[in-house]
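Okay, here's what each chain looks like letter by letter:
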Amino acid sequence: MKILIYPGTFDPFTKGHVDIARRAAGICDKLYIAILTNSSKNTTFSVDERVEMANKSLAGIKKVEVEAFDGLLVDYFKLKKACAVVRGLRSESDFRYEAEIAAANKLLLPEFESILLPCRMDLAFTSSTIVKEVASYGGNVSGMVASDIVDMITTKLAGKKKTNN
Ligand code: COA
């Protein structure tokens, strides 16, 4: 059984993440979406909210299971008996960052493999930070995240920033 892991903070899950997850699910028997609980990032959404948003965003995609994890990715990799970790590549700077993570994980666990999938070009400039920035000004994020999670995001962030007008 070919098992892949797609790890991240997913604060929140974006359409770019959905695209990578859908394509990864197409090349494996089982895909774990691993939501990092001990992220060094100061997250806006709780881990339960991030799991809920990932589940809603991925509804209907078979073979996918969303789980929270903490600790080292290599330990989760061993626990799941995975054959590779999938990450999305949006730009050259993503490549450097991903190459560093991949190399560190390979040192920690020689059987660790990374699959880097290039992002869809129209989603290449989306990030969780941009989604939160737009939502905090009351902007429309429906082009960036799945329709089923728009309300959760806008409810949490609406009015966080006000314009001077
Ligand atoms: N579409 C949209 N946005 C994307 C994207 C895509 N396809 N791919 C990446 N991004 C964005 C995310 O939205 C996020 O944006 P933000 O910075 O504005 O929040 C950013 O790129 C990267 O976040 P994410 O993909 O969630 O990963 P991460 O960097 O938060 O986490 C882990 C990376 C989970 C793989 C890494 O931290 C990890 O393995 N941690 C566990 C501890 C460990 O083992 N450490 C040793 C590893 S060296």
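Up top you'll find the structure we're talking about.
My aim in this report is to walk through the structure given alongside it, one point at a time. For clarity, every value in this text was computed on a predicted model and none was experimentally measured.

## Quick notes on the overall build of the protein chain
Stage number 1. Within the protein chain, the regular secondary structure consists of 6 helices and 5 strands.
Stage number 2. Compactness check: the protein chain gives a C-alpha radius of gyration of 16 Å against a globular reference of 15 Å for 165 residues, within 12% of the reference.
Stage number 3. Along the first, second and third principal axes, the C-alpha atoms of the protein chain reach 55 × 30 × 30 Å.
Stage number 4. A burial count over the protein chain gives 45% of its 165 residues as buried.
Stage number 5. Considering only contacts within the protein chain whose residues lie at least 6 apart along the sequence, 76% involve residues at least 24 apart.
Stage number 6. About 9,100 Å² of surface is accessible on the protein chain, with carbon and sulfur atoms providing 53% of the total.
Stage number 7. In the protein chain, 23 positive and 20 negative side-chain charges are present, and the distance between their average locations comes to 2 Å.

## Overview of the site of the ligand
Stage number 1. The environment of the ligand is made up of 23 residues, and the closest members are T9, L73, Y97, S128 and T129.
Stage number 2. Backbone polar atom of F10 to an oxygen atom of the ligand: 3.4 Å apart, as the coordinates give it.
Stage number 3. Separating an oxygen atom of the ligand from a side-chain N or O atom of R90 is a distance of 3.0 Å.
Stage number 4. In isolation the ligand offers 950 Å² of accessible surface; the protein chains occlude 82% of this area.
Stage number 5. Because more than half of its atoms lie within 2 Å of the grid, the ligand is assigned to the largest pocket.
Stage number 6. Of all the secondary structure elements, the ones that give two or more residues to the shell around the ligand are β1 (3–8), α1 (15–25), α4 (92–108) and α5 (128–136).
Stage number 7. Residues belonging to the shell around the ligand are distributed by class as follows: 9 nonpolar, 11 polar and 3 charged.

## Overview of the sheet that holds β1
Stage number 1. Read across the open sheet, the 5 strands follow the order β3-β2-β1-β4-β5; overall the sheet is parallel. One side of each edge strand has no neighbouring strand; the edge strands of this open sheet are β3 (64–69) and β5 (114–118). Across the sheet, the mean angle separating the axes of adjacent strands is 30 degrees when strand polarity is ignored.
Stage number 2. The sheet contact formed by strand β2 (residues 30–36) and β3 spans 6 bridges and is parallel. Looking across to β3, one finds that Y32 is bridged to E65.

What counts and how
Residues numbered from 1 in each chain as written. Predicted model: local features only at pLDDT ≥ 70, side-chain atom pairs only at ≥ 80, totals over all residues. Heavy atoms only, no water. Helix = DSSP H or I, 4+ residues; strand = E, 2+ residues; numbered from the N terminus. Rg over C-alpha atoms; globule rule 2.2 N^0.38 Å. Buried < 20%, exposed > 50% of the residue type's maximum accessible area, 1.4 Å probe, protein only. Contact = heavy atoms within 4.5 Å. Areas by Shrake-Rupley, 256 points an atom, 1.4 Å probe, with all protein chains shown as cover. Lys, Arg positive; Asp, Glu negative; His and termini not counted. Charge placed at Lys NZ, Arg CZ, Asp CG, Glu CD. Near = heavy atom within 4 Å. Polar contact = N/O pair within 3.5 Å; in protein donor to acceptor, adjacent residues only side chain to side chain. 1 Å grid on protein atoms, 1.4 Å probe; cavity = no way out; pocket = protein on both sides within 12 Å on 5 of 7 lines; lining within 4 Å. Sits in = over half its atoms within 2 Å of the grid points. Nonpolar A, V, L, I, M, F, W, Y, C, P; charged D, E, K, R; others polar. Pairing = 2+ DSSP bridges. Axes fitted to C-alpha atoms, helices over the stretch in contact; angles between N-to-C directions.

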